[in-house]
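Coordinate inspection notes
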Amino acid sequence: MTDWIAVEKQYYMFCARRQPVVLVRGQGTRVWDVNGKEYLDFTAGWAVNNLGHCHPAVVKAVQEQVATLIQTSNQFYTIPQLQLARLLVEASGLSKVFFCNSGAEAIEGAIKLARKYGKVRKNGAYEIITAQGAFHGRTLTAVTATGNPHYSEPFIPLTPGFVQVPFNDLEALKRATTERTVAVLLEPVQGEGGVIPAHPNYLKGVRDWCDRNDLLLILDEVQTGMGRLGTVFGFQYYGVQPDILALAKGLGGGVPIGAFLCNERCNLFQPGDHGSTFGGNPLACAAGYATLKTLLEERIYETSARMGQRLKSALEQVKARHEEAIKEVRGVGLLLAVEFYHPIAPQVVSACNDEGVLLNPVRPTAIRFMPPLTLTPEEVDEGVARFERGLVRVLKEK
Ligand SMILES: Cc1ncc(COP(=O)(O)O)c(C=O)c1O
């Protein structure tokens, strides 16, 4: 049998420390590796497979579209793009959308739009305030917005015009605001930062500050959107409307697609300002349309809220049985984390692979839980049981 891990080592750039698991198939909450071993997938392709792996509605839409029309460029109109645009705009209460291919690209577009707003409406203001601990993607400007030297330091010089302030600190954000400031860019829950939810009053306070100072509020919902927090978009959970919204991950049911939306106030792009060869192609948009339609019609975001509560309380029970190891269980909806006192997350994740549950060691001291939103109560319980078995193995070895 081919040693795929050796093939990766020989041919693929070393950008990720992967788990030694070669996945070949997925269905719902479960995936299978090349040896036929089954796992509960509580990583969901990094919060992408919100409807589960290979959801029948997505598979059908992709199969039909792939045999009909895959790609045309935006020189022409295509129907799946416009069907998805209408549904997304109506569901979000925003005014216009642009489709791209990834989260980082959605953030890039959002930043360009904010800069255009500064140029046209705010005397050339261009600075964007972002939060420490944020993650906005891997393009040069997105790593600059992320503001973590770990991601950006090797690539200096970076894009100018970004200022970082501590997350959940409204006063710091106010102090950082100058006449150069055009926008504030935040995640409702910092995902890669370790699953750190915004305080509800913080986001409301930021919205109010933006309104009073003619700043745009850009919400990065690449990870929190599409039902993950128990509402269709995370901003609905927080009761705060953004001016610009970035989406990707769960939008395509597993197929790559990103989007950014804006309200009428900053709907300022004109022909030539922005574009994308693949952005909004019929194949990705057909997948996105099937995904969003299913999410809305079957109210899957409500399941996410219910299963999120069940998962959180099951993890709280694990914490109660292992008080010496687990410091905190936190998060919103089905974006949760277990924080340990010690940096044991990588070992626990590796033991959990053996036990048959896939998890993400988001920090050395924290494991992130982001399963498909469609998981059943039994899968929640089974996943937590497998996690606890993995944890116990690591604690015994210590
Ligand atoms: C909040 C957030 N923004 C942006 C990105 C970048 O998305 P992508 O990897 O699709 O470029 C991510 C990826 O994890 C993310 O979590």
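These numbers were taken from a predicted model, which means no experiment stands behind them.

What follows is about the domain arrangement of the protein. Splitting the protein by domain gives domain 1 (4–54 + 300–397) and domain 2 (56–297). Domain 1 puts 28 residues into the contact, and the matching count from domain 2 is 32 residues. Looking at the side of domain 1 facing domain 2, the largest losses of area belong to Tyr301, Val332 and Leu335, adding up to 29% of the total buried there. Taken together, the links from domain 1 to domain 2 amount to one salt bridge. Residue Arg368 pairs with Glu192 through a salt bridge whose shortest N-O separation is 2.8 Å. Counting across the interface, domain 1 meets domain 2 through 14 residue pairs in polar contact (both at pLDDT 80 or more). Elements with a minimum of two residues in the side of domain 1 that touches domain 2: helix H2 (44–47), helix H12 (300–321), strand E13 (326–332), strand E14 (335–340) and strand E16 (360–363). The element best represented in the side of domain 1 that touches domain 2 is H12, accounting for five residues. Here the side of domain 1 that touches domain 2 is built from residues that sort into 19 nonpolar, five polar and four charged.

What follows deals with the side chain of Thr43. The topology assignment puts Thr43 in the loop between strand E3 (38–41) and H2. A polar atom in the side chain of Thr43 sits 2.6 Å from the side chain of Asp41. Aside from chain neighbours lying at most four places away, what touches Thr43 is Leu358, Leu359, Asn360 and Met370.

Spatially, four strands are ordered E1-E2-E3-E15 in an open sheet, and the strand pairing comes out mixed. Two strands lie at the open edges of the sheet, namely strand E1 (23–27) and strand E15 (357–358), each paired on one side alone. Across three bridges, the pairing between strand E2 (residues 30–33) and E3 is antiparallel. Note on E3: the bridge partner recorded for Val31 is Tyr39.

Here the focus is the layout of surface pockets. Roughly 620 Å³ of internal volume is contained in the second largest pocket. Taken together, 26 residues form the lining of the second largest pocket, with Gln81, Lys96, Val97, Phe98 and Phe99 sitting closest to its centre. Those elements that provide at least two residues to the lining of the second largest pocket are helix H4 (79–92), strand E4 (96–100) and strand E12 (258–262). If one sorts the elements of the lining of the second largest pocket by residue count, H4 sits on top with five residues. In terms of residue class, the lining of the second largest pocket is made up of 14 nonpolar, 10 polar and two charged.

So, how was this worked out
- Residues numbered from 1 in each chain as written.
- Predicted model: local features only at pLDDT ≥ 70, side-chain atom pairs only at ≥ 80, totals over all residues.
- Heavy atoms only, no water.
- Domains from an automatic or database assignment.
- Contact = heavy atoms within 4.5 Å.
- Buried area = accessible area lost by both parts, 1.4 Å probe.
- Salt bridge = Lys/Arg side-chain N within 4 Å of Asp/Glu carboxyl O.
- Polar contact = N/O pair within 3.5 Å; in protein donor to acceptor, adjacent residues only side chain to side chain.
- Helix = DSSP H or I, 4+ residues; strand = E, 2+ residues; numbered from the N terminus.
- Nonpolar A, V, L, I, M, F, W, Y, C, P; charged D, E, K, R; others polar.
- Pairing = 2+ DSSP bridges.
- 1 Å grid on protein atoms, 1.4 Å probe; cavity = no way out; pocket = protein on both sides within 12 Å on 5 of 7 lines; lining within 4 Å.
- Points joined across faces, edges and corners; volume = space filled by probe spheres on them.

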